[in-house]
Amino acid sequence: MVQTAKKVGENRYRETFGRFFEEFTVGDTYEHRPGRTITETDNTWFTLLTMNTHPMHFDKEYAKASEFGRIIVCSPFTVALMVGMSVTDVSQKAVANLGWSEIKLTHPLFVGDTLYAESTVLEKRESKSRPGAGIVTCSTIGLNQDGKTVCTFNRTMLIARQGHSVEDKVNY
């Protein structure tokens, strides 16, 4: 998590998070902390909120008869949580998410598991249409408490340059 403090007055500082385009280096990996232990309530709420009616996510008796023998975490929740975990490192200064690709769910995540995530910068380039921003692509992996990879994806973002962010405009 990138956290710094900027001086905003005499003996006064404000915390700030994230990286500007200039601060990304291809090949760098950011380990996102803290991890997040998934509760049954988390999984049920997300499942119902998104209208995912598959009983593998909220019916224990149904899930017992599956090859997993228990409820599995709703996969879009896993992706959303990994994205959220990465924000303070890779997209806090984003203008926009441009897309996700190559989403892979490689191992089930269960209620009670703890999810960790890390992102590696794959590429970085100037924006041709936005001089105040650049485009950064990261590969993010999610790991459970045993170090097993549960999910991977690539995410491309339009990231503000220093002096061109909303944060800069509103003195945030």
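See above for the structure.
Structural notes, computed from the coordinates. Predicted model, so just to flag it, every value in this text is computed and none were measured.

Quick notes on the rules
Residues numbered from 1 in each chain as written. Predicted model: local features only at pLDDT ≥ 70, side-chain atom pairs only at ≥ 80, totals over all residues. Heavy atoms only, no water. 1 Å grid on protein atoms, 1.4 Å probe; cavity = no way out; pocket = protein on both sides within 12 Å on 5 of 7 lines; lining within 4 Å. Points joined across faces, edges and corners; volume = space filled by probe spheres on them. Helix = DSSP H or I, 4+ residues; strand = E, 2+ residues; numbered from the N terminus. Nonpolar A, V, L, I, M, F, W, Y, C, P; charged D, E, K, R; others polar. Buried < 20%, exposed > 50% of the residue type's maximum accessible area, 1.4 Å probe, protein only. Arc of directions from axis to C-beta. Contact = heavy atoms within 4.5 Å.

A separate point is the layout of surface pockets. The space that makes up the largest pocket amounts to roughly 270 Å³. If you trace the largest pocket, you find 15 residues lining it, with Gln92, Lys93, Val166, Glu167 and Tyr172 closest to the centre. Going through the elements one at a time, strand S2 (12–17), strand S4 (94–105) and helix H4 (166–169) are the ones with two or more residues in the lining of the largest pocket. The residue makeup of the lining of the largest pocket, split by class, is 7 nonpolar, 4 polar and 4 charged. In this structure, the second largest pocket spans a volume of roughly 150 Å³. Surrounding the second largest pocket, Ile72, Val73, Ser75, Thr78, Leu105, His107, Pro108, Leu109 and Val150 form its lining. Here the residues of the lining of the second largest pocket sort into 6 nonpolar, 3 polar and no charged.

With that settled, the discussion passes to helix H1 (residues 40–49). Regarding H1, the residues found buried are Asp42, Asn43, Phe46 and Thr47. Projected down its long axis, H1 shows its buried positions confined to an angular sector of 120°, all on one face. Exposed residues pointing more than 90 degrees away from the buried face of H1 are listed as Trp45, Leu48 and Leu49. On its buried face, H1 is in contact with strand S3 (29–37) and helix H3 (75–91). Following H1 by one or two positions, Met51 has its phi on the positive side, about 60°.

As far as function goes, none of this settles anything; it's purely spatial.
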